[in-house]
Amino acid sequence: MPDFSRQPGVQAPKRTAILRPLERETLWDRAYAALREALLNGRYAPGHRIVLREVAAELGISLTPVRDAVNRLTAERILERGTGGQGGGATVPHVDAGVFQQLVIMRAELESRTAHDAVAHATDDDVQTMRGLHARMAQLIDAEPRQGYLDVHRRFHFHLYGLSGLDVIQDSIETLWLRCGPVLNMVLPEYVPHLKATDHHAAAVEALAARDAQGVAQAIRDDILEAGRYIHGLLVQESGRH
């Protein structure tokens, strides 16, 4: 068979790529996931400036995927656009009392619903996992830095919600947590005594063990609303000082 690709004026057919380049996409995902997790866990306080070069250095990657990740978080209204060129990055927004109150209302509705539906899918192993996470929270509540508590606190809630099978609602819950996380970072030290006084997390675990869907839902709702009232009060006080 003649090799037409070698004939004058005849172009060889273009080879169709089988694999996509991985590095850029993988690094972008890595930067995006790392920043989201930091925000979910309350690692950044309101007003914190996210500097692109600092994040890239911490992750050990180039500036471009970090910029792409920050741009997406800004488009999702999780971060606010910063200034200062390539090093400017973005800023963790302050949440005023009115906006926070709306976030609490949405969280209470969505999270109590997913907690309710989680009960039907929970196994004995899931109950043990929740007990273990709750025990770890109790160990960390007085520990410094407080970050360890917030990390386990998030795992506690999202393990429960992950049992529900309500994936679309879980996506919305995560977005709400991204906006609330920095505020939790700010107020946790003052709120610790309240956490000890009424342990809604323990109530949720016991209701889960009893397969009491309404009880789990109510415990999660009470946890969110009680914390929300306290934090809302602090935000109102803070706004009064300015």
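About the thresholds
- Residues numbered from 1 in each chain as written.
- Predicted model: local features only at pLDDT ≥ 70, side-chain atom pairs only at ≥ 80, totals over all residues.
- Heavy atoms only, no water.
- 1 Å grid on protein atoms, 1.4 Å probe; cavity = no way out; pocket = protein on both sides within 12 Å on 5 of 7 lines; lining within 4 Å.
- Points joined across faces, edges and corners; volume = space filled by probe spheres on them.
- Helix = DSSP H or I, 4+ residues; strand = E, 2+ residues; numbered from the N terminus.
- Phe/Tyr/Trp six-rings, centres within 6.5 Å; stacked < 30°, edge-to-face > 60°.
- Buried < 20%, exposed > 50% of the residue type's maximum accessible area, 1.4 Å probe, protein only.
- Arc of directions from axis to C-beta.
- Polar contact = N/O pair within 3.5 Å; in protein donor to acceptor, adjacent residues only side chain to side chain.
- Nonpolar A, V, L, I, M, F, W, Y, C, P; charged D, E, K, R; others polar.

## Concerning empty space enclosed by the protein
- Overall, the coordinates contain two cavities of 30 Å³ or more when judged by the stated rule.
- The calculated volume of the largest cavity comes to roughly 220 Å³.
- Along the wall of the largest cavity there are 18 residues; nearest its centre are His153, Leu184, Tyr191, Ala227 and Ile231.
- The set of elements that each furnish at least two residues to the lining of the largest cavity consists of α4 (97-118), α6 (147-162), α7 (167-197) and α9 (213-240).
- Ranked by residue count, the leading element in the lining of the largest cavity is α7, at six residues.

## Focus on the packing of aromatic side chains
- Under the counting rule described, the total for this entry stands at three aromatic pairs.
- Relative to tyrosine 32, the ring of tryptophan 28 has its centre 5.3 Å away and its plane inclined at 5 degrees; by these criteria the two rings are stacked. Placement of both tryptophan 28 and tyrosine 32 in helix α1 (residues 23-40) is noted, with a separation of four residues, approximately one turn of the helix.
- On the basis of relative accessibility, which here comes to 9%, the residue tyrosine 32 falls in the buried class.
- Look at phenylalanine 158 and tryptophan 177: their rings are 5.0 Å apart centre to centre, the planes differ by 75 degrees, and that puts the pair in the edge-to-face class. One end of the pair, phenylalanine 158, is in helix α6; the other, tryptophan 177, is in helix α7, with 19 residues separating them in the sequence.
- Residue classification places phenylalanine 158 among the buried residues on the basis of a relative accessible area of 15%.
- By relative accessible area, which is 2% here, tryptophan 177 ends up buried.

## Brief notes about helix α8 (residues 200-209)
- Those residues of α8 lying buried are His200, His201, Ala204, Val205, Ala207 and Leu208. Projected down its long axis, α8 carries its buried residues within an arc of 165 degrees, all on one side.
- For α8, the side-chain oxygen to backbone nitrogen distance between the N-cap and histidine 201 is 3.2 Å, and the N-cap itself is aspartate 199.
- Where α8 terminates, the next one or two residues include arginine 211, which has phi positive at roughly 55 degrees.

## Details of unusual backbone geometry
- Phi at arginine 77 takes a positive value of approximately 65 degrees, unusual for a residue other than glycine.
- With respect to the secondary-structure elements, arginine 77 resides in the loop between α3 (63-75) and β2 (80-81).
- With a phi angle near 55 degrees, arginine 211 is a residue other than glycine that sits in the positive phi range.
- Positionally, arginine 211 belongs in the loop between α8 and α9.
- Owing to a relative accessible area of 34%, arginine 211 belongs among the partly exposed residues under this scheme.

## A short note on the layout of surface pockets
- There is about 300 Å³ of room inside the largest pocket.
- Lining the largest pocket we find 14 residues, and of these His94, Met186, Leu234, Leu235 and Glu238 sit closest to its centre.
- Looking at the lining of the largest pocket, the elements that each hand over two or more residues are α7 and α9.
- Top element by residues in the lining of the largest pocket is α9. It accounts for five residues.
- In terms of residue class, the lining of the largest pocket is built from seven nonpolar, three polar and four charged.
- Taken together, 14 residues form the lining of the second largest pocket, with Arg77, Glu80, Pro93, His94 and Arg179 sitting closest to its centre.
- In the lining of the second largest pocket, the residues fall into nine nonpolar, one polar and four charged.

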